[in-house]
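An overview of the molecular structure
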Amino acid sequence: ALLVGQGADLSALFANATAVLPLTNFARQLIGGLPIQTLGTESELVDVPAAATALEAQGVLVDLLLRVGDLDLTDDVSNPLSGPYVLALLPRPNDPLPIINSPADVLIVAEPADAEAAVAGLSKLLPLLFGVQAVEPTEGDDSGFQRFAAGGAVIFSLGVVDDRLILATGLEAPTLALIAAEGENRLLALEPWQSLIEDFPP
């Protein structure tokens, strides 16, 4: 993982994310050094929006989701997500995620208040926000995860394992997380590390 963080309330993170969503087209200007091109980067006609403008855009988004998608962002998504979570970024530098154009997969593992309701809400939200479509699992995919794809590529994976909600971008991140939970890809299991821990604590 490139970055790992945790928190006590995923619904609060979700609320913050929807507030920041209008600013994603200006990520390069807001966070210096990001090696990505965005619409805001390319345009000379639009300045980085102020906080008040971003919050206004958030309000418009909430209203549109309700009117167009019959999705109440608070009741259908945010409230069921309430609970502790871990968020990780898994680098994929040579294989940017389609649609989102991200050099890292986002992985969220949570213990939400209502996992089934959270899955139902997110299953409606992801297509509305990103234009993805739910697809049937490919042959050999017995993970139980819902896959959401666009242009033939899996953009999101969503599922519940042992009462934990897992939401990830891409196809491989959930599998990597489950392998890590079983301890099969820990550095301590590799021979060079075994040599080091003979004399020093890991």
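What counts, and at which threshold
Residues numbered from 1 in each chain as written. Predicted model: local features only at pLDDT ≥ 70, side-chain atom pairs only at ≥ 80, totals over all residues. Heavy atoms only, no water. Axes fitted to C-alpha atoms, helices over the stretch in contact; angles between N-to-C directions. Helix = DSSP H or I, 4+ residues; strand = E, 2+ residues; numbered from the N terminus. Parallel < 35°, antiparallel > 145°, perpendicular 65-115°, else oblique. Contact = heavy atoms within 4.5 Å. Nonpolar A, V, L, I, M, F, W, Y, C, P; charged D, E, K, R; others polar. Buried < 20%, exposed > 50% of the residue type's maximum accessible area, 1.4 Å probe, protein only.

1. Some details on the packing of helix 4 (residues 51–69) against helix 6 (residues 115–130)
Contact geometry of helix 4 with helix 6 gives a least axis separation of 11 Å together with a crossing angle of 110 degrees. In terms of their interaxial angle, helix 4 and helix 6 are classed as roughly perpendicular. The segment helix 4 lies against helix 6, with Leu61, Leu65 and Gly69 engaging Lys124, Leu125, Leu128 and Leu129. Residues that form the contact of helix 4 with helix 6 fall into these classes: five nonpolar, one polar and one charged.

2. Regarding the side chain of Thr18
Along the polypeptide, Thr18 turns up in helix 1 (residues 10–20). Apart from residues no more than four positions distant in its own chain, Thr18 is found in contact with Gln58 and Leu73.

3. A look at the packing of helix 1 against helix 4
Put simply, helix 1 and helix 4 touch, their axes get as near as 8 Å, and they point 110 degrees apart. Comparing their axes, helix 4 and helix 1 come out roughly perpendicular. Along the contact surface, helix 1 presents Ala15, Thr18 and Ala19, while helix 4 presents Ala54, Leu55 and Gln58. Split into classes, the residues belonging to the contact of helix 1 with helix 4 amount to four nonpolar, two polar and no charged.

4. Here's the deal with the environment of Gly83
Following the sequence through the fold, Gly83 ends up in the loop between helix 5 (73–78) and strand 2 (85–91). A relative accessible area of 9% places Gly83 in the buried class. Separated by 75 residues in the primary sequence, Gly83 and Ala8 have C-alpha atoms spaced 6.1 Å apart. Non-local contacts of Gly83, meaning those with residues more than four positions away in its chain, are made with Ala8, Asp9, Leu10 and Glu111.

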